[in-house]
Amino acid sequence: MTQDELKQAVARAAIDYVVDGTIIGVGTGSTANFFIDELGKIKQRIKGAVASSEATAARLKSHGIAVFDLNDVDSMPVYIDGADEITAQGAMIKGGGAALTREKIVASVAERFVCIADGSKLVNMLGKFPLPVEVIPMAHAAVARQLSALGGEARLRMKDGKPLMTDNGCVIIDVSGLQIADPGAMEARINNIVGVVTVGLFALRGADVALLGTAEGVKRMAFA
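This text gives an overview of the structure that appears in the document. (Residues numbered from 1 in each chain as written. Predicted model: local features only at pLDDT ≥ 70, side-chain atom pairs only at ≥ 80, totals over all residues. Heavy atoms only, no water.)

**Describing the sheet that holds strand S8 (residues 153–156)**
In spatial order, the strands read S8-S11-S7-S12; together these 4 strands make up an open sheet with antiparallel pairing. Each of the sheet's edge strands pairs with one partner strand only, and the pair in question is S8 and strand S12 (196–199). Here the strands of the sheet are splayed against their neighbours by 25° on average, with no regard to which way each runs. Direction of pairing for S8 relative to strand S11 (residues 171–176): antiparallel, over a ladder of 4 bridges. Note that in S11 the partner of glutamate 153 across the bridge is serine 176. Across the sheet, helix H4 (residues 100–109) touches strand S7 (131–135), S11 and S12, and the angle it forms with S12 is around 70°. Sitting on the sheet, helix H5 (residues 140–148) touches S7, S8, S11 and S12, and the angle it makes with S11 is about 15°. (Pairing = 2+ DSSP bridges. Helix = DSSP H or I, 4+ residues; strand = E, 2+ residues; numbered from the N terminus. Axes fitted to C-alpha atoms, helices over the stretch in contact; angles between N-to-C directions. Contact = heavy atoms within 4.5 Å.)

Printed below as a string of structure tokens:
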């Protein structure tokens, strides 16, 4: 099976976690896009969705799914999103699509976080995938120095020769070369750096369930 076929398989499996008549949270990225396409097939069953990015909102609307502002939503039964890496304990690196802050905010409101990914994203230790950190633009050089001091190489994410700007008007620093043995402690440490908006570690609030696409089918992992 191709990587896209694996993503489609977990996207279809994630429909089982959609609660009828409710508003659900939807993530950002290629796997989340496959889920949105599946969600469009059952849109009559849900009230609508909260999007974690402008791109996700646009894709939801293209399927005729109502998009709600999070400020108008008291609770959500589920948030469904992909991951760049995930451990057997449910800790994740996210932010390859530059939507980490909004993803973390929407996930914090949901009762359950369902991670959907192809099986290659399951790792023993986080850090092979560069760790994204969203930063206030005026602080990026100062923050990069402190991130490099953690043992990795911090680089400003660029697009078309310019710093990539997030939906929040901020920039992304990617830190490569880390071996993150204690994701929760690292998440707290980086979030305490002045100028950091959010780090793409989802450990203090990780996944509750992971659906991983493999050649043998969709593997389900539940985390305490």
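We are not done yet, so read on.
**Section: the pattern of salt bridges**
Overall, the coordinates contain 11 salt bridges when judged by the stated rule. A salt bridge links arginine 59 to aspartate 37; the nearest nitrogen and oxygen atoms lie 3.0 Å apart. Pair noted here: arginine 59 is in helix H3 (residues 54–62) and aspartate 37 is in helix H2 (residues 30–40), with a separation of 22 residues, a long-range link. Owing to a relative accessible area of 30%, arginine 59 belongs among the partly exposed residues under this scheme. Judged by relative accessible area, which is 23%, aspartate 37 ranks as partly exposed. Salt-bridge contacts for lysine 94 lead to aspartate 81; the nearest nitrogen and oxygen are separated by 2.7 Å. Residue lysine 94 is located in the loop between strand S5 (92–93) and H4, and its partner aspartate 81 is located in strand S3 (residues 79–81); the two are separated by 13 residues in the primary sequence. The pair lysine 94 / aspartate 81 is uniform in exposure class, with both members buried. Salt bridges sharing common partners tie together Asp81, Lys94 and Glu103. (Salt bridge = Lys/Arg side-chain N within 4 Å of Asp/Glu carboxyl O. Buried < 20%, exposed > 50% of the residue type's maximum accessible area, 1.4 Å probe, protein only.)

**Let's talk about the sheet that holds strand S2 (residues 48–51)**
One open sheet accounts for 6 strands, arranged S2-S1-S3-S6-S14-S15; its pairing is mixed. Each end of this open sheet is capped by a strand with a single partner; those strands are S2 and strand S15 (217–222). Across the sheet, the axes of successive neighbouring strands diverge by a mean angle of 25°, strand direction being ignored. Contacts from H2 reach strand S1 (23–26), S3 and strand S6 (113–118), with the element oriented near 155° to S1.

**Structural notes on the side chain of lysine 7**
Within the element layout of this structure, lysine 7 appears in helix H1 (residues 3–14). One buried charge, lysine 7, has no salt-bridge partner; the nearest side chain with opposite charge is aspartate 4, at 4.6 Å. Those residues in contact with lysine 7 that lie beyond four places of it in its chain are Ser30, Thr31, Phe34 and Asp118. (Lys, Arg positive; Asp, Glu negative; His and termini not counted.)

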